[in-house]
Amino acid sequence: MKKIKTETIGYLKDMFAQHHMVKRIVLSFFSIIIMGFGISLFSVSGFGVDPFTSMNMNVAGTLGIDFGTYQMIVNAVILIYVIVVAHRGLVGVGTVINMIGCGYACEFFRGLIQPVVENHNSLAIRIPLLFAGIITLCFACSLFFTANIGVGPYDALGFMLSRGIKLEHKWVRIITDVVVILIGLAVSGGITAIFKGNFSEVKNIGIGTIITAFCMGPLINAFNKKVSVKILDTDYEKIGKDVAFFMIKGAFAKYAKPCYVANTEMNFAYNPYRLLK
């Protein structure tokens, strides 16, 4: 019990140890709302959503569970695993906000947008929705990473698996994305539909899913440098990849002390996509 109490106190201290914490929490909260809005635009466009969301939407639809509730359950399971294995560093207030808020925000906005566009199923409407969803989602991700108070459970899982199997994170991310897509397809009957040539029956997976995989990184980096970093006065150019990897590596040490940069101008806004460059 003493060990559990010590680790719990350590987590709470780590979560609130950064400078401008109130500003970071507010930024993280609004980024999740915007993220939910962006994903809802993706979904309504009919061109697919990001891999992790596609799996959750397909499984939730098959089970008859609200998407927001199912996504929160899945994220909670991943989060417990991350906490047990990684201890500190990857988990923070932002992780909890992401876990609870993203799915419900998406569900809320999709309920508002779907009735408006469902009678206008032309490409002239769907394509703008797709690109609006991409831009909105990338902007939201940039704000969330810049807030730097924890990463999403799915992102954390990718870094942990990368370390465990000693494979570069970009390859692990590709593998995990493919796996979650296949799970979603299998559960929703999408694989059977593909073999039968009934591609219209494939749900939540499409060209938007592919665009997300290849375009999100550069777009998020662009928003980081032009918009998000100015909000918290974070200078990406002063911090190299070695420092980023060092800080992330510290998160995996079971009993490592939290690693924070004292100088507010050097606070690192975590961005996993930056590490893929």
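Conventions and cut-offs
Residue numbers here run from 1 along each chain, matching the order of that chain's written sequence. This being a predicted model, a pLDDT of at least 70 is required before a residue's local features are given, and a value of 80 or more before pairs of side-chain atoms are given or counted; all residues contribute to the totals for chains, interfaces and linings. Here the side-chain values reflect all heavy atoms present in the structure, with hydrogen atoms and water set aside. Think of it this way: any DSSP run of H or I at least four residues long counts as a helix, any run of E at least two long counts as a strand, and we number them from the N terminus. Think of it in three bands: with a 1.4 Å probe and only protein chains considered, a residue is buried below 20% of the maximum accessible area for its type, exposed above 50%, and partly exposed in between. Confidence of the predictor at the level of single residues is captured by pLDDT, which takes values from 0 to 100. The contact definition used throughout considers only heavy atoms, calling two residues in contact when any of these lie within 4.5 Å. Axis lines are fitted through C-alpha atoms, for helices just across the contact stretch, and the angle between N-to-C directions can take any value from 0 to 180 degrees. Note on terminology: angles under 35 degrees are roughly parallel, angles over 145 are roughly antiparallel, angles of 65 to 115 are roughly perpendicular, and the others are oblique. We call a crossing left-handed when the near helix sits turned anticlockwise from the far one by less than a right angle, and right-handed when that turn is clockwise. Polarity classes work like this: nonpolar for Ala, Val, Leu, Ile, Met, Phe, Trp, Tyr, Cys and Pro, charged for Asp, Glu, Lys and Arg, and polar for all others, with Gly in that last group. Among buried residues, the Ala, Val, Leu, Ile, Met, Phe, Trp, Tyr and Cys ones that are joined through side-chain atoms within 4.5 Å form a nonpolar core. By definition here, a helix of n residues has an expected span of 1.5 Å times n minus one.

**Focus on the overall build of the protein chain**
Part 1 of the reasoning: Counting secondary structure elements, the protein chain contains 11 helices and 0 strands.
Part 2 of the reasoning: When its helices and strands are written in sequence order, the protein chain yields α-α-α-α-α-α-α-α-α-α-α.
Part 3 of the reasoning: A burial count over the protein chain gives 50% of its 277 residues as buried.

**What to know about the confidence of the model for the protein chain**
Part 1 of the reasoning: Looking at the protein chain, pLDDT values average 75 and 74% of them are 70 or higher.
Part 2 of the reasoning: Mean pLDDT across the secondary structure elements of the protein chain bottoms out at helix α11 (residues 241–250), with 39, and peaks at helix α3 (residues 51–63), with 90.
Part 3 of the reasoning: For residues 236–277, every residue scores under 50 in pLDDT, and the model assigns this stretch 90 contacts once sequence neighbours within four places are set aside.

**Things to note about the packing of α3 against helix α8 (residues 169–188)**
Part 1 of the reasoning: Close contact between α3 and α8 brings their axes to 8 Å; oriented N to C, the two are set at 20°. Of the possible angle classes, the one that applies to α3 and α8 is roughly parallel. For α3 against α8, the interelement crossing comes out left-handed. Taking contact as the criterion, the partners of Pro-51, Phe-52, Ser-54, Met-55, Asn-58, Val-59 and Thr-62 in α3 are, on α8, Asp-177, Val-180, Ile-181, Ile-183, Gly-184, Leu-185, Val-187 and Ser-188.
Part 2 of the reasoning: Broken down by class, the residue content of the contact of α3 with α8 amounts to 9 nonpolar, 5 polar and 1 charged.

**A short note on the nonpolar core**
Part 1 of the reasoning: Counting 29 residues, the largest nonpolar core has Met-35, Ile-39, Leu-137 and Cys-141 as the members making the most contacts within it.
Part 2 of the reasoning: For this core, the elements supplying multiple residues, two or more each, are α2 (21–45), α5 (93–117), α6 (123–147) and α10 (207–231).
Part 3 of the reasoning: Considering each element in turn, this core owes the most residues, 10 residues, to α6.
Part 4 of the reasoning: Leaving out residues up to four positions away in the same chain, Met-35 has contacts with Asn-98, Cys-102, Leu-137, Ala-140, Cys-141 and Phe-144.

**With respect to the environment of Gly-152**
Part 1 of the reasoning: The topology assignment puts Gly-152 in the loop between α6 and α7 (153–165).
Part 2 of the reasoning: Here Gly-152 falls in the buried class, since its relative accessible area comes to 4%.
Part 3 of the reasoning: With 50 residues separating them along the chain, Gly-152 and Cys-102 place their C-alpha atoms 9.9 Å apart.
Part 4 of the reasoning: Among residues more than four places away in sequence, those in contact with Gly-152 are Asn-98 and Phe-144.

**Remarks on α6**
Part 1 of the reasoning: Taking 1.5 Å per residue as the helical rise, α6 with its 25 residues ought to reach 36 Å, and the 36 Å between its terminal C-alpha atoms agrees with that figure.
Part 2 of the reasoning: Residue Asn-148 follows α6 closely and has a positive phi angle near 55°.

**Thoughts on the environment of Ser-162**
Part 1 of the reasoning: If you trace the backbone, Ser-162 turns up in helix α7.
Part 2 of the reasoning: Between the C-alpha atom of Ser-162 and that of Arg-173, which follows or precedes it by 11 residues, the distance is 8.5 Å.
Part 3 of the reasoning: With residues up to four places along the chain from it excluded, the contact list for Ser-162 reads Leu-167, Glu-168, His-169 and Val-172.

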